[in-house]
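Read off the chains here:
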Amino acid sequence: MSTIHLQNLVKKFGDFTALKTMDLAIADGEFMALLGPSGCGKSTTMNMIAGMEEPTSGKILFGERDMAGVPMGRRGVGFVFQNYAIFTHMSVRQNLAYGPKMRGAAKAEVDRRVGAIAEMLQLTPLLDRKADRLSVNILQRVAIGRSAIMEPAIFLLDEPLSNVDAAFRAVMRTELKQLQRQFRQTMVYVTHDQLEAMTMADRIAVMDHGVLQQVGTPLEVYNDPANVFVARFIGAPGMNLLKGRPAESDGGVVVDLGPLGATPPLPVEIADVARRMRGEVFYGFRPEQVKLAEDGRGLSMPVSFVERIGPRTIIHLGDGETAVKAVFDNDVGLAIGQTAVVAPAVEAVRVFDAATGLALRAG
Amino acid sequence: MQASKAASVLPDEGARLGFRLTLPAQILVLFIAVFPLLMQLYISLTDWSPLSGTGWWNAWSMWNSFANYTDLAVDARFWSALKRTAIVMIVCVPTEFLLGLALATLFADEFPGKRIFYSILLMPMMVVPAVAGYMFFMLFQSGGPVNDILSAISGFPVTIAWLSDPTLALIAVMVADIWQWTPLMFLILLAGLVGVPEDQIKAATLLGANPWQRFVTIVLPKMKTIIIIALAIRVIENFKIFDTLYIMTGGGPGVATETISVYIYKLTTQDLIWGYVAAIALAILIVLSIAAVFAMKRMARVRQVTA
């Protein structure tokens with residue numbers, strides 16, 4: 001088990017900067033998800049931790065130990081590839097035994113360890129099957145077992161669920177999380193799927209364009225996005241953001257949204273900060289934290305689309321710059337063309353500086 | 001039930017139509033492949049030669065049953081030519097394979113000047129074998145460059161008569177073959193090497209395998225099919241070794257470098273006993289066919305395993 005420290009990590013490929021700068025501390029036994037759209041630098045970061053790529057500058061520490069120049073075979077890192085990279089010309093047993101065998105462990109020792117890990121992963125009946133015709137969840141277990149048998153301090157997983165069909169992902173997610181509890185290793189999990197990150201990770205590092213945007217628990221990232229990118233990226237659908245200017249009113253500080261009128265008063269904690277803002281701000285709220293309100297007590301907008309997703313119904317309001325989505329129970333009686341008055345829950349409102357994109361925080 | 005019946009009738013009809021449409025082509029191919037074989041079999045059972053004054057179709061008048069084959073069984077020159085061919089093959093094919101594999105491994109990675117070296121390396125393969133034969137004939141003269149280089153290295157004049165010494169002549173001939181055909185081996189093996197999944201090599205590295213272990217446990221097993229193909233091509237080609245060799249030594253000195261092909265060539269052009277030649281050719285064809293079937297069966301098994 002080991003902590004991981006990334007310090008001022010930078011990676012350039014020729015003229016292209018894959019990772020601008022990255023500082024991240026991953027605790028011992030923590031499940032950290034690196035989350036972001038493709039090209040955000042998450043895989044590059046992972047490859048540098050594994051030692052497949054050398055950082056252009058910056059440091060990687062495992063515990064106290066600087067990993068610069070340590071080849072990937074010596075880092076004590078378990079790596080699960082996107083396609084699992086199972087040795088298809090071998091049996092499951094040979095796959096599991098590969099690491100210890102290459103390190104020259106005695107045959108009895110190899111057999112004992114393979115037996116133990118197979119038992120733990122419920123692979124015992126499959127040990128003598130050829131590895132080229134296994135289902136994906138078995139492949140995942142073999143891939144994890146093959147790394148786990150080396151007792152690595154750190155486990156790296158590179159989008160292991162991206163080739164799995166949607167129905168099966170839930171099963172795989174549960175299995176993976178259980179395995180992590182069993183092994184108690186530090187895990188770094190790269191994904192572009194926020195559902196995977198939310199359900200499995202202890203903390204999420206959200207990345208975009210080679211820059212770390214926010215690190216926090218799934219709830220922190222969801223409830224208090226650090227900037228506009230995180231607000232839009234996390235959540236399905238993402239946070240509603242409406243541009244406007246802070247203004248004083250009888251009830252407190254509101255945001256003047258122009259043609260949409262003024263918002264309900266801002267929560268007290270951010271009202272002070274918002275009052276001092278000169279430029280424009282984004283008025284943000286989660287689609288899930290919206291209620292229908294009486295006229296004059298919320299934003300009055302036309303319904304442009306009704307999207308039914310079974311238990312819930314997503315109502316699309318307005319369009320273009322002022323589009324808002326709101327999630328209601330599926331018995332909501334709204335139809336296209338009607339006007340709805342929606343009010344975000346006051347405590348769930350977040351305000352962002354439109355110039356910098358950063359969230360306004362109290363204090 | 002009905003659905004499956006309908007489904008089974010259709011492909012049948014398709015197969016029948018396909019057979020009828022390709023029948024002319026099949027007859028043509030059959031004629032090209034089978035006719036010479038039957039002709040050969042026929043002649044091999046007679047004493048016919050182009051000097052007998054009758055056409056080959058009249059060869060039955062010189063029928064000698066299996067005399068050619070019984071002669072073959074006790075023909076010491078035939079057996080020694082066969083043994084020599086086997087020696088050349090046993091030396092050349094593995095050498096070409098190992099050199100080709102080493103070069104392919106080298107060329108799988110990037111290094112400066114790779115493209116130029118690549119072109120240079122493939123050049124021997126493009127040289128006409130007869131020209132290569134003449135080239136090596138000159139290189140191995142007693143006053144030739146090979147001896148010059150040996151003189152320069154050893155410090156005293158070397159004048160080995162390479163092509164006049166029975167053992168050295170055979171070595172010279174094998175050097176020429178290795179020079180010319182290692183590139184082909186290299187090309188085929190490189191294609192196989194590039195196809196080895198990189199993820200699995202990385203995975204092996206992360207599990208602590210050193211480069212040699214990775215090569216033996218991952219790369220070679222993944223290349224099995226292509227290795228068998230490359231070896232099969234070279235074994236078959238090498239068995240028929242003729243042009244380069246014939247120009248260098250003419251099978252000499254004496255019969256020291258006489259391989260099966262050279263022996264057949266001499267019997268055909270000098271002794272003119274075509275009935276006997278046909279018998280030899282047929283015997284070799286049978287041996288090679290058995291070898292080919294064996295190799296193909298093995299390959300099919302390997303493909304099943306690696307698929």
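A quick note: this is a predicted structure, and the numbers were derived from the prediction, not measured.

(A) Region of interest: the overall build of chain A. A tally of helices and strands in chain A yields 9 helices and 19 strands. In terms of its C-alpha atoms, chain A occupies a principal-axis envelope of roughly 80 × 45 × 35 Å. Counting every position in chain A, which comprises 363 residues, the buried fraction comes to 41%. The contacts in chain A between residues at least 6 apart in sequence include a share of 65% that link residues at least 24 apart.

(B) Structural view of the overall build of chain B. Within chain B one finds 13 helices and 0 strands. Relative to the 2.2 N^0.38 estimate, which gives 19 Å for 307 residues, the radius of gyration of chain B is 25 Å and therefore markedly larger than a compact globule would have. Along the first, second and third principal axes, the C-alpha atoms of chain B reach 80 × 70 × 30 Å. Within the span of chain B, comprising 307 residues, buried residues form 27% of the whole. Look at the contacts in chain B between residues 6 or more apart in sequence, and 69% of them connect residues 24 or more apart.

(C) The arrangement of the interface of chain A and chain B in detail. Residue-level contacts link 17 residues of chain A with 14 residues of chain B. Counting residues per element, the ones that place at least two in the side of chain A that touches chain B are strand 6 (77-80) and helix 2 (92-102) of chain A. Ranked by the residues each element gives to the side of chain A that touches chain B, the list is headed by helix 2 of chain A, at 3 residues.

(D) Region of the structure containing the domain arrangement of chain A. When its domains are assigned, chain A resolves into domain 1 (4-86 + 134-223) and domain 2 (240-353). Each of domain 1 of chain A and domain 2 of chain A has a C-alpha centre, and the two are 36 Å apart.

(E) Local environment of helix 7 (residues 166-194) of chain B. Compared with an ideal rise of 1.5 Å per residue, which puts 29 residues at 42 Å, helix 7 of chain B spans 42 Å between its outermost C-alpha atoms and is within 8% of the ideal. The largest bend in helix 7 of chain B comes to about 35°, at Trp181 of chain B, with the proline Pro183 of chain B one to four residues further on.

(F) Quick look at the confidence of the model for chain A. Per-chain confidence: chain A averages 87 in pLDDT, with 99% of residues scoring 70 or above. Within chain A, the lowest mean pLDDT, 81, falls on helix 5 (residues 166-183) of chain A, and the highest, 93, falls on strand 9 (residues 203-208) of chain A.

(G) Here's a closer look at the pairing of strand 16 (residues 312-317) of chain A. Residues and elements named next belong to chain A. Sheet topology note: the strand 15 (residues 299-308)/strand 16 ladder contains 5 bridges and is antiparallel. Within the sheet, the bridge partner assigned to Phe305 lies in strand 16 and is His316. Hairpin connection of strand 15 to strand 16: 3 residues between the antiparallel strands, including Gly310 at a positive phi of 85°. Where strand 16 lies against strand 17 (residues 324-329), 6 bridges are found, and the strand directions are antiparallel. Following the sheet pairing, Leu317 is matched in strand 17 by Val324. The hairpin turn running from strand 16 into strand 17, its antiparallel successor, is 6 residues long, and Gly318 in that turn takes a positive phi close to 65°.

(H) Spotlight on the sheet that holds strand 19 (residues 350-353) of chain A. All names here are of chain A. In spatial order, the strands read 12-11-13-19; together these 4 strands make up an open sheet with antiparallel pairing. Each edge of the open sheet is held by one strand with a lone partner, namely strand 12 (252-256) and strand 19. Adjacent strand axes in the sheet meet at a mean angle of 45°, parallel and antiparallel pairs treated alike. Of the pairings in the sheet, the one linking strand 11 (residues 240-249) to strand 13 (residues 281-285) comprises 5 bridges and is antiparallel in character.

(I) Molecular detail of the sheet that holds strand 18 (residues 339-344) of chain A. Residues and elements named next belong to chain A. Sheet architecture is open: 5 strands sit in the order 14-18-15-16-17, paired in antiparallel fashion. Strand pairing shows two members of the sheet lacking a second neighbour, strand 14 (290-292) and strand 17, which therefore form its edges. The sheet shows a mean angle of 50° between the axes of neighbouring strands, taken without regard to direction.

(J) Up close: the confidence of the model for chain B. Residues and elements named next belong to chain B. Summary statistics for chain B give a mean pLDDT of 85 and a share of 94% for residues scoring 70 or more. Long-range and interchain partners of residues 1-8, a stretch whose pLDDT sits below 50, account for 0 contacts in this model, where long-range means more than four residues apart. For this predicted complex, the interface confidence score (ipTM) comes to 0.76, while the overall pTM stands at 0.74.

(K) Expanded view of the environment of Ala108 of chain B. Residue and element names in this part refer to chain B. Topologically, Ala108 is positioned in helix 3 (residues 76-108). Classification of Ala108 by C-beta neighbours within 10 Å gives partly exposed; the count is 13. Residues Ala108 and Thr85 lie 23 residues apart in sequence; the distance between their C-alpha atoms is 33 Å. Apart from the residues within four sequence positions on either side, Ala108 is in contact with Leu190, Leu193 and Val194.

(L) Structural view of the packing of helix 2 of chain A against helix 3 (residues 107-120) of chain A. Residue and element names in this part refer to chain A. Relative to each other, helix 2 and helix 3 sit at 130°, their axes nearing to 9 Å. By the angle between their axes, helix 2 is oblique relative to helix 3. Crossing of helix 2 against helix 3: the hand is right-handed. On helix 3, the residues that touch Arg93, Leu96, Ala97, Pro100 and Lys101 of helix 2 are Glu109, Val110, Arg113, Val114, Ile117 and Ala118. Residues belonging to the contact of helix 2 with helix 3 are distributed by class as follows: 7 nonpolar, no polar and 4 charged.

(M) Quick look at helix 4 (residues 136-148) of chain A. All names here are of chain A. Under the 1.5 Å per step criterion, the end-to-end length of helix 4 is 18 Å for 13 residues, consistent within 8% with the ideal 18 Å. Of all the 13 residues making up helix 4, 10 are buried; the element is thus mostly covered by neighbouring parts of the structure. When helix 4 is considered as a whole, its buried residues turn out to be Leu139, Gln140, Arg141, Val142, Ala143, Ile144, Gly145, Arg146, Ser147 and Ala148. Lining the buried residues of helix 4 we find strand 6, helix 2, helix 3, strand 7 (154-158) and helix 5.

(N) Representation of unusual backbone geometry. Residues and elements named next belong to chain A. For the peptide bond that leads from Ala236 to Pro237, omega is -5°, which places it in the cis range. The backbone of Ala85 shows a phi angle near 45°, a positive value even though the residue is not glycine. Checked against the element boundaries, Ala85 lands in the loop between strand 6 and helix 2. The class for Ala85 is buried, based on 22 C-beta atoms found within 10 Å.

(O) Here's a closer look at the nonpolar core. Ala33, Leu156 and Tyr189 of chain A are the most contacted members of the largest nonpolar core, which totals 104 residues. When near neighbours in sequence (up to four residues on either side) are disregarded, Leu156 of chain A contacts Met46, Ile49, Ala50, Val77, Gly78, Phe79 and Val188 of chain A. Within the second largest apolar cluster, 34 residues are counted, among which are Met89, Phe140, Leu245 and Val262 of chain B.

Conventions and cut-offs
- Residues numbered from 1 in each chain as written.
- Chains lettered and ligands numbered in written order.
- Predicted model: local features only at pLDDT ≥ 70, side-chain atom pairs only at ≥ 80, totals over all residues.
- Helix = DSSP H or I, 4+ residues; strand = E, 2+ residues; numbered from the N terminus.
- Buried ≥ 20, exposed ≤ 12 C-beta atoms within 10 Å, placed from the backbone.
- Contact = placed C-beta atoms within 7 Å.
- Rg over C-alpha atoms; globule rule 2.2 N^0.38 Å.
- Domains from an automatic or database assignment.
- Expected span 1.5 Å × (residues − 1).
- Bend = angle between axes of the 7 residues up to and from the residue.
- pLDDT = per-residue confidence, 0-100.
- Pairing = 2+ DSSP bridges.
- Axes fitted to C-alpha atoms, helices over the stretch in contact; angles between N-to-C directions.
- Parallel < 35°, antiparallel > 145°, perpendicular 65-115°, else oblique.
- Left-handed = near helix turned anticlockwise from the far one by under 90°.
- Nonpolar A, V, L, I, M, F, W, Y, C, P; charged D, E, K, R; others polar.
- Core = buried A, V, L, I, M, F, W, Y, C linked by C-beta atoms within 7 Å.

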